[in-house]
Amino acid sequence: MTKDFRKQMGENYTDVGIAEQHAVGYVSGLASNGAKPILEVMSSFIQRTYDQLSQDFAINKAPATILVFGGGISGTDVTHLGIFDIPMISNIPNLVYIAPTTKEDYLAVLDWSIEQTDYPVAIRVPVTELVSTGKPCTKNFAELNKYEVAQQGGKIAVIALGSFYGMGEQAAKLIEEKTGTAPTLINPYYITGVDTELLESLKKDHDVVVTLEDGVLDGGFGEKIARFYGPSDVKVINFGLKKEFLDRYNPADVLKENRLTPEQIAEDAVALI
């Protein structure tokens, strides 16, 4: 934030430096007393404040907003990896973690988070450039854990989270080309919960459910979906990153190694039918 922007913000802006633990405790206290604080933090550094996320933010249901930047594959060095925040944040009770996909999504969920007073909210700001659709977002984010069906299809369902939604769209097109049947394409938005009603409905005419997430698979979003379908005949394949430390890496190489290209996703999904 530039000097001029800080001046414009005036006393509404506080710089806590790199004291992430204090920052989360601070905004939790502000929110609990009626303020509307927004904390900006990097995915790689929110690990420093796990205790405050649980003890101050979530247990107290402090309605503050945390913007998580840099979450996902970005080619950074090992100390700035943003691939571990989903398992870390999404498994804390009370906390709502949301992954918008477009500029309109992001602004809408930010407005909702600032105005609401019921939940501690974290928003995973897409690591890629925010794409604008030019259309306003009409989703009611107060209806927690309600996914959005972008395309209704059959046999295969693709659930693509956050910044990987675009990859899900590409994979869905390739699946249709390979099978002659359009898959169902779903934007889940919510990282912290599952849409049990929608997932249950997919059992009627879907054999395979594919999940995509821009982070490590262990303890992540896809595993929640796989656990739901565990007792059923629906096959689930999770696409994401293996648990490892990466350092100054080429994102394209890492995606290919983890079979995270649209072509590889479509190939693996179709093979399960």
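## As for the pattern of salt bridges
Argument step 1. If you walk through the whole model with that rule in mind, you get 10 salt bridges.
Argument step 2. A salt bridge links Lys 139 to Glu 148; the shortest N-O distance between them is 3.0 Å.
Argument step 3. A salt bridge links Arg 248 to Asp 247, with the shortest nitrogen-to-oxygen separation between them at 3.1 Å.
Argument step 4. Using a relative accessible area of 62% as the deciding quantity, one classes Arg 248 as exposed.
Argument step 5. Taking relative accessible area as the criterion, Asp 247 reaches 41% and is therefore assigned partly exposed.
Argument step 6. Taken together, the salt bridges that share partners define one network made up of Arg 259, Glu 267 and Asp 268.

## Quick notes on the sheet that holds strand 8 (residues 206-216)
Strand pairing in a sheet is mediated by backbone hydrogen bonds. Such pairs are either parallel or antiparallel.
Argument step 1. Pairing within the open sheet is mixed, and its 5 strands lie in the order 5-7-6-8-9. Lying at the two open borders of the sheet, with one neighbouring strand each, are strand 5 (148-151) and strand 9 (235-241). Going from strand to strand, the sheet's axes swing by 25° on average, the running direction of each strand aside.
Argument step 2. Note that strand 8 and strand 9 share 6 bridges and pair parallel. If you follow Thr 211 over to strand 9, its bridge partner there is Asn 238.

## Some remarks on the packing of aromatic side chains
Argument step 1. In total, this model carries 6 aromatic pairs according to the counting rule given.
Argument step 2. Between the aromatic rings of Trp 112 and Phe 141, the centroid separation amounts to 6.5 Å while the plane-to-plane angle is 35°, which identifies the pairing as tilted. Separated by 29 residues along the polypeptide, Trp 112 in helix 5 (residues 103-115) and Phe 141 in the loop between strand 4 (121-126) and strand 5 bring together distant segments of the chain. For the pair formed by Trp 112 and Phe 141, the shared burial category is buried.

## A few points about the sheet that holds strand 2 (residues 65-71)
Argument step 1. A sheet is described by the order of its strands in space; here 4 strands give the open sequence 1-2-4-3, paired in parallel fashion. The outermost strands of the open sheet, each flanked by one partner alone, are strand 1 (38-42) and strand 3 (96-98). Adjacent strand axes in the sheet meet at a mean angle of 20° when their direction is disregarded.
Argument step 2. In terms of strand pairing, strand 2 meets strand 4 through 5 bridges, oriented parallel. In the strand pairing of strand 4, Leu 67 is matched with Ile 123.
Argument step 3. Contacting strand 1, strand 2, strand 3 and strand 4, helix 5 runs over the sheet at an angle of about 165° to strand 4.

Definitions and limits used
- Residues numbered from 1 in each chain as written.
- Predicted model: local features only at pLDDT ≥ 70, side-chain atom pairs only at ≥ 80, totals over all residues.
- Heavy atoms only, no water.
- Salt bridge = Lys/Arg side-chain N within 4 Å of Asp/Glu carboxyl O.
- Buried < 20%, exposed > 50% of the residue type's maximum accessible area, 1.4 Å probe, protein only.
- Pairing = 2+ DSSP bridges.
- Helix = DSSP H or I, 4+ residues; strand = E, 2+ residues; numbered from the N terminus.
- Axes fitted to C-alpha atoms, helices over the stretch in contact; angles between N-to-C directions.
- Phe/Tyr/Trp six-rings, centres within 6.5 Å; stacked < 30°, edge-to-face > 60°.
- Contact = heavy atoms within 4.5 Å.

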